[in-house]
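Analysis of the macromolecular model
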Amino acid sequence: MQSSGISQVKGVDSGILINAQGDQWARFRMEQLSTYGGIAIAGIFALIVLFYVVRGRIPIEGGLSGQMVRRFSDYERIVHWTLAIVFLFLAITGLILLLGRPLLLPLFGKDAFSLLASASKEGHNLFGPLFLVSLIMMLISFARRNIYERGDMTWLLKGGGLIGDGHASGGFFNMGEKTWYWMVILIGLVIAISGLILVSPNFGQGRMIMGLSHVVHTIGALILMTVSIGHMYLGSIGSEGALEGMKTGYVDINWADAHHDRWGKVCHEENLIISAEEYARLQGEKPDVTAEMATTEQVK
Ligand code: HEM
Ligand code: HEM
């Protein structure tokens, strides 16, 4: 509810003396958003620790072979790590703004916390637009390989290979990765657009739009942050051999066969596998950027 009146001041919302909706928004932000947001982030951490204790690291069937296959180009890895670093910076600065008052203020005291909070706000506002740029780079270079295929359903039916011992079939990317990818792109765009509305309130957006953008921005950010914790776990300590691809551009052929069997098959058929010695030589020198890679077209 807003009470509208008449004012000589020209500007959006200038005729509104009492903005009851603003009060509702502030209460929602202070009570629901920060409480449930904090619980969601802490909850997913706890779940992952539990999963790791119960299931441990997902091993590669037959262990590592040492024979490698090219998976990502240098450019693709730069795109991934730029997006990841910008996202993590925005996530940390955003969380300082959202949860700092209840969690950090009592720890650091007023002076240190106000310095940290204003630095986070400036840093968040400054780096925000970079997120949109890296998101568009990710959209352009990874989209084609993330189009869903009929074979992806079997991955879902097998619980992604996380449940039981069944083998979950996958192409260059499996269904779980494709879903993560489209979440990053679509929810990321919502976060970026709402963030840009918040960062430059000079285009006639009134309090209503600002409040709505803030809620959409924070809920979107909380969803992506929560799922990203699962992604970072599975992309590193959670799954043997997975990080190698984003670290060096090459993966072990046994990893490819275990997690991306349809792509692995193409790598065998097209003779794209290199020996451990050749791989060591390439790592010692500069890896060949133009090395042949099996693309989705070949996988389909
Ligand atoms: C410590 C942090 C991270 C690690 C270790 C990591 C690891 C990985 C790995 C290993 C892959 C390739 C998987 C494969 O070869 O199939 C990958 C892909 C990807 N990662 Fe990350 N990642 C991290 C952070 C992030 C963050 C913060 C984001 C974005 C919010 C992100 C977004 C993506 C996307 C969109 C893909 C491509 C998935 C696809 O195209 O289907 N990553 N990551
Ligand atoms: C184009 C990208 C982005 C822009 C322009 C942007 C901008 C903003 C702005 C202007 C605020 C309000 C800051 C203030 O209180 O003064 C904000 C808050 C926030 N942003 Fe972003 N942001 C972007 C991306 C992200 C991303 C990727 C995340 C998470 C991964 C994120 C998480 C948050 C959080 C948690 C808040 C705190 C909300 C609160 O304190 O109530 N933002 N953002």
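Look up a bit, the structure's there.
Let us look at the structure shown here. (Residues numbered from 1 in each chain as written. Chains lettered and ligands numbered in written order. Predicted model: local features only at pLDDT ≥ 70, side-chain atom pairs only at ≥ 80, totals over all residues. Heavy atoms only, no water.)

1. Some words on the side chain of His-259
By secondary structure assignment, the location of His-259 is in helix α9 (residues 253–259). Classification of His-259 as buried rests on a relative accessible area of 19%. Sequence-distant contacts of His-259, defined by excluding residues within four places in its chain, comprise Ile-58, Ala-168, Gly-170, Asn-174 and Ser-239. (Helix = DSSP H or I, 4+ residues; strand = E, 2+ residues; numbered from the N terminus. Buried < 20%, exposed > 50% of the residue type's maximum accessible area, 1.4 Å probe, protein only. Contact = heavy atoms within 4.5 Å.)

2. Quick word on the coordination of the iron atom of ligand 2
Distances from the iron atom of ligand 2 to its protein donors, His-124 (NE2) and His-217 (NE2), fall within 2.0 Å. Note that the iron atom of ligand 2 binds 6 donor atoms; their angles at the metal cover 87 to 179 degrees, and the shape is octahedral. Separated by 93 residues along the polypeptide, His-124 in helix α4 (residues 110–142) and His-217 in helix α7 (residues 207–234) bring together distant segments of the chain. Judged by its relative accessible area of 18%, His-124 is buried. (Donors = N, O, S within 2.8 Å, 3.2 Å for Na, K, Ca; no water. Tetrahedral: all angles 85-135°; square planar, octahedral: opposite > 155°, others 65-115°.)

3. Let's talk about the pattern of salt bridges
Tallied over the full model, the rule gives 10 salt bridges. Arg-262 is the salt-bridge partner of Glu-149, the closest N and O atoms lying 2.8 Å from each other. Placement of the pair is Glu-149 in the loop between α4 and α5 (152–157) and Arg-262 in helix α10 (residues 261–269), with a sequence separation of 113 residues. An identical accessibility class is assigned to Glu-149 and Arg-262; each is buried. (Salt bridge = Lys/Arg side-chain N within 4 Å of Asp/Glu carboxyl O.)

4. A look at the site of ligand 1
The full set close to ligand 1 counts 24 residues, and Arg-71, His-80, Asn-146, Glu-177 and His-231 are the nearest of them. Residue His-80 places a side-chain N or O atom 2.8 Å away from a nitrogen atom belonging to ligand 1. Among the secondary structure elements, those contributing two or more residues to the shell around ligand 1 are α2 (74–103), α4, α6 (175–199), α7 and α8 (242–248). Of the residues forming the shell around ligand 1, the biggest block, 5 residues, is contributed by α2. (Near = heavy atom within 4 Å. Polar contact = N/O pair within 3.5 Å; in protein donor to acceptor, adjacent residues only side chain to side chain.)

5. Some details on the site of ligand 2
Among the 23 residues in the neighbourhood of ligand 2, the closest are listed as Arg-29, His-124, Gly-128, His-214 and His-217. In the model, an oxygen atom of ligand 2 is placed 3.4 Å from a nitrogen or oxygen of the Lys-121 side chain. Contact between ligand 2 and His-214: an oxygen atom at 2.5 Å from a side-chain N or O atom of the residue. For the shell around ligand 2, the class distribution of residues is 13 nonpolar, 8 polar and 2 charged. (Nonpolar A, V, L, I, M, F, W, Y, C, P; charged D, E, K, R; others polar.)

6. A look at the coordination of the iron atom of ligand 1
Donor atoms from the polypeptide that bind the iron atom of ligand 1 are His-80 (NE2) and His-231 (NE2), placed at 2.0 to 2.1 Å. Around the iron atom of ligand 1, the 6 donor atoms are arranged such that angles at the metal cover 87 to 179 degrees; this shape is classified as octahedral. In this pair, His-80 is assigned in helix α2 and His-231 in helix α7, connecting sequence segments 151 residues apart. Among the residues examined, His-80 registers a relative accessible area of 14% and is labelled buried.

7. Examining helix α1 (residues 20–55)
Here α1 spans 50 Å end to end across 36 residues, near enough to the 52 Å set by a 1.5 Å rise per residue. When the local axis directions of α1 are compared, the greatest deviation, roughly 35 degrees, occurs at Arg-29. Those residues of α1 that are buried lie in contact with α2 and α7. Looking one or two residues past α1, Gly-56 carries a phi angle of roughly 70 degrees, positive in sign. (Expected span 1.5 Å × (residues − 1). Bend = angle between axes of the 7 residues up to and from the residue.)

8. Some words on the packing of aromatic side chains
How two aromatic rings sit relative to each other is given by the distance of their centres and the angle of their planes. Summed over all chains, the structure comprises 12 aromatic pairs. Seen in terms of ring centroids, Phe-72 and Phe-173 are 6.2 Å apart; in terms of plane orientation they differ by 25 degrees. Their pairing is stacked. Of the two residues, Phe-72 is situated in the loop between β3 (68–70) and α2 and Phe-173 in the loop between α5 and α6; the sequence distance between them amounts to 101 residues. For Phe-173, a relative accessible area of 7% translates into the label buried. It is Arg-71 that lies over the ring of Trp-263; its NZ or CZ is 4.8 Å from the centre. (Phe/Tyr/Trp six-rings, centres within 6.5 Å; stacked < 30°, edge-to-face > 60°. Lys NZ or Arg CZ within 6 Å of the ring centre and 35° of its normal.)

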